[in-house]
Amino acid sequence: MAKEVPSTEAVRAQYEAYPYPARDPRDEAKRLIAGSPSHILEVNHFIFGGRRDFGKPFRALVAGGGTGDAAIMLAQQLADAGGPGEVVYVDVSEASRRIAEARAQARKLSNIRFLGVSIPELPASPLARERFDYIDCCGVLHHLDDPAQGLRALAGLIADDGGMGLMLYGELGRTGVYPLQAAVRLLAGADDLPARVHLVRRVLKQLPETNWLKRNPFLGDHLNGGDAGLVDLFLHARDRAYRVPEIAAMITAAGLAITGFVEPARYDPGAYVNDPEIAKRIHALPWLERAAVAEALAGNMRKHVFYVVKPANAERAVASPGPNAVPHLRELDAESFVKSVAPRRAVAATIDGIPFRFPLPPLSAAIVGRIDGKRTLEGIRKDLAEVNPALAWPEFEKQFEPLYRALHGLGKLYLSIAG
Ligand SMILES: C[S@@+](CC[C@H](N)C(=O)[O-])C[C@H]1O[C@@H](n2cnc3c(N)ncnc32)[C@H](O)[C@@H]1O
């Protein structure tokens with residue numbers, strides 16, 4: 001009788017055959033893929049209270065680095081910061097690692113160490129003696145046999161004042177995925193992976209309008225990700241998805257604390273619930289329960305991106321607005337914001353089908369026009385006070401607060417702290 005394939009081996013074999021996401025190292029000449037978690041603006045904001053200087057030594061571990069998105073982004077950003085930052089990449093798939101290595105070579109990055117280590121085995125590996133300021137684990141724990149054990153293995157490697165950025169699948173947003181996975185397993189018989197990919201393509205064409213996957217328009221990144229995307233979504237050897245309360249319980253059990261979800265507005269249903277009675281009740285909830293309500297009401301969260309630290313650091317881990325805070329814009333064109341968004345006195349965005357609309361204060365354009373990633377809020381206030389002497393800090397704060405709620409809520413503005 002054929003020996004049953006151990007499931008970690010099946011996961012490895014899958015990523016050997018179909019590294020995901022599919023990446024071509026030649027594309028490094030054209031663009032840097034910058035996502036979440038692990039953008040250094042987010043890492044600083046949600047883990048280091050905005051006080052980290054990335055020009056100084058910084059050690060990051062990318063656990064389950066895949067074809068390299070997080071490792072390349074981090075290593076490039078650390079190199080750009082000019083410091084001796086180092087990234088250690090681990091993965092069980094050699095094919096994925098080779099792609100990540102080729103991407104690093106294409107960028108002439110020499111600050112990544114590539115290793116073939118399995119996450120559950122980290123505590124018994126030489127890496128167990130190392131400590132990391134930051135650990136990225138994006139889209140990996142939900143493929144482990146025991147995600148909670150994998151999380152604990154990683155938690156043991158975090159430096160005392162460090163933290164971790166994670167992505168785990170969201171159960172509600174993946175509505176339709178698991179029934180289809182089960183159906184394909186039944187239909188596939190003894191087919192090998194390439195034959196199963198072919199089968200999935202045919203099955204997808206046969207889905208009636210009633211099928212939940214057909215009614216779920218939010219799985220585009222996988223569905224448009226070629227064969228590797230289809231394998232990752234429908235033919236995965238092992239995956240599961242989470243709700244916010246399960247994530248919170250697993251993080252607490254690992255001796256860690258969640259500091260924030262990205263994008264923050266999505267996890268605060270107060271951002272789009274208009275009924276004052278419901279809004280009041282939402283407001284009265286502890287923030288993680290608000291996040292749980294947000295997930296349940298929205299129903300569209302297919303992944304949860306969040307940051308964690310050791311509980312002793314949780315209170316000072318998140319940067320907050322104050323005179324010494326330096327605002328940074330992320331993927332926001334300040335010029336067009338100043339010209340065409342701010343004059344309308346509201347910013348609107350639709351994220352995975354949910355429309356968000358935030359009112360903007362009168363000074364939005366003047367403030368955003370002065371954000372350069374160096375000036376503090378007090379510096380911006382002083383500049384504005386030259387033409388508006390009545391603009392003392394409390395008045396400025398009243399202007400900045402709604403602007404921050406809008407732009408930070410949408411993941412477009414992060415803070416660092418000067419001095
Ligand atoms: C969806 S990819 C991750 C993408 C990656 N984090 C990025 O930044 O693009 C999942 C990766 O997890 C890896 N993986 C799965 N089980 C693992 C384990 N036990 N230890 C290390 N890596 C693992 C797979 O080989 C695969 O490359």
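Remember, predicted model here, so these are calculated numbers, not experimental data. (Residues numbered from 1 in each chain as written. Predicted model: local features only at pLDDT ≥ 70, side-chain atom pairs only at ≥ 80, totals over all residues. Heavy atoms only, no water.)

Asker: Teacher, can you tell me more about the overall build of the protein here?
Answerer: Secondary structure summary: the protein contains 17 helices and 11 strands in total. The C-alpha radius of gyration computed for the protein amounts to 22 Å, which stays within 12% of the reference 22 Å derived for 419 residues, consistent with globular compactness. Dimensions of the protein along its principal axes, counting C-alpha atoms only, are 85 × 50 × 40 Å. Looking at the 419 residues of the protein, the share that counts as buried comes to 52%. Put simply, 79% of the contacts in the protein that link residues at least 6 apart link residues at least 24 apart. With the model as given, the accessible surface of the protein reaches about 19,200 Å², and the carbon-plus-sulfur share is 54%. If you average the places of the 51 positive and of the 49 negative side-chain charges in the protein, the two averages end up 2 Å apart. (Helix = DSSP H or I, 4+ residues; strand = E, 2+ residues; numbered from the N terminus. Rg over C-alpha atoms; globule rule 2.2 N^0.38 Å. Buried < 20%, exposed > 50% of the residue type's maximum accessible area, 1.4 Å probe, protein only. Contact = heavy atoms within 4.5 Å. Areas by Shrake-Rupley, 256 points an atom, 1.4 Å probe, with all protein chains shown as cover. Lys, Arg positive; Asp, Glu negative; His and termini not counted. Charge placed at Lys NZ, Arg CZ, Asp CG, Glu CD.)

Asker: Help me understand the packing of aromatic side chains, please; the structure alone is not making it clear to me.
Answerer: When we look at a pair of aromatic rings, we describe it by the centre distance and by the angle of the planes. If you walk through the whole model with that rule in mind, you get 13 aromatic pairs. Considering the side-chain rings of Trp393 and Phe396, the 5.5 Å spacing of their centres and the 35° angle between planes classify their relative orientation as tilted. On the criterion of helical spacing, the pair formed by Trp393 and Phe396 is a turn pair, its members being 3 residues apart in helix H17 (residues 393–409). Residue Phe396 is classed as buried on the basis of its relative accessible area, which comes to 0%. Grouped by ring-pair contacts, the aromatic residues Phe261, Tyr267, Trp287 and Phe306 constitute a single cluster. Across from the ring centre of Phe48, 4.9 Å away, lies the NZ or CZ of Arg52, which sits over that ring. The ring of Tyr169 carries the charged tip of Arg174 above its face, separated from the ring centre by 3.6 Å. (Phe/Tyr/Trp six-rings, centres within 6.5 Å; stacked < 30°, edge-to-face > 60°. Lys NZ or Arg CZ within 6 Å of the ring centre and 35° of its normal.)

Asker: Help me out: how do you make sense of the environment of Ala70 in this one?
Answerer: Structurally, Ala70 is set in helix H3 (residues 69–80). On the basis of relative accessibility, which here comes to 13%, the residue Ala70 falls in the buried class. Between the C-alpha atom of Ala70 and that of Cys138, which follows or precedes it by 68 residues, the distance is 8.0 Å. When sequence neighbours within four positions are dropped, the list of residues in contact with Ala70 reads Val62 and Asp136.

Asker: Explain the domain arrangement of the protein here, please?
Answerer: How big an interface is tends to be expressed through the accessible area that disappears when the partners come together. Parsing the protein into structural domains produces domain 1 (7–169 + 242–317), domain 2 (176–234) and domain 3 (325–417). Averaged C-alpha coordinates put domain 1 and domain 3 at centres separated by 27 Å. Counting from both sides, the interface comprises 24 residues of domain 1 and, opposite them, 20 residues of domain 3. Here domain 1 packs against domain 3, burying approximately 1,700 Å² in sum over the two surfaces, 58% of which is carbon and sulfur. (Domains from an automatic or database assignment. Buried area = accessible area lost by both parts, 1.4 Å probe.)

Asker: Would you take a moment to explain the sheet that holds strand S4 (residues 132–138) for this structure?
Answerer: The strands making up a sheet associate through hydrogen bonds between their backbones, and the pairing can be parallel or antiparallel. Strand order in the open sheet made by the 7 strands is S3-S2-S1-S4-S5-S7-S6, with mixed pairing throughout. What marks the edges here is a single partner per strand, and that holds for strand S3 (112–115) and strand S6 (257–262). Neighbouring strand axes in the sheet, compared pairwise and without regard to direction, differ in orientation by 20° on average. The sheet contact formed by S6 and strand S7 (residues 303–309) spans 5 bridges and is antiparallel. (Pairing = 2+ DSSP bridges. Axes fitted to C-alpha atoms, helices over the stretch in contact; angles between N-to-C directions.)

Asker: Honestly, the pairing of S3 in this entry has me stumped. Any pointers?
Answerer: The side chains of a regular strand alternate, residue by residue, between the two faces of the sheet. In S3, alternate side chains face the same way, and those of Ile112 and Phe114 are buried while those of Arg113 and Leu115 on the opposite face are not. Direction of pairing for strand S2 (residues 86–90) relative to S3: parallel, over a ladder of 4 bridges. Within S3, the residue paired with Val87 across the bridge is Ile112. Crossover S2 to S3 through helix H4 (residues 94–106) is right-handed. (Right-handed = clockwise from strand over helix to strand, strands pointing away.)

Asker: Sorry if this is basic, but what is going on with the pairing of S7 here?
Answerer: For S7, the buried fraction is high: 6 of the 7 residues fall into the buried class. Examined bridge by bridge, strand S5 (residues 158–169) and S7 share 7 bridges and lie antiparallel to one another. Residue pairing for S7: Leu166 is matched across the bridge by Phe306.

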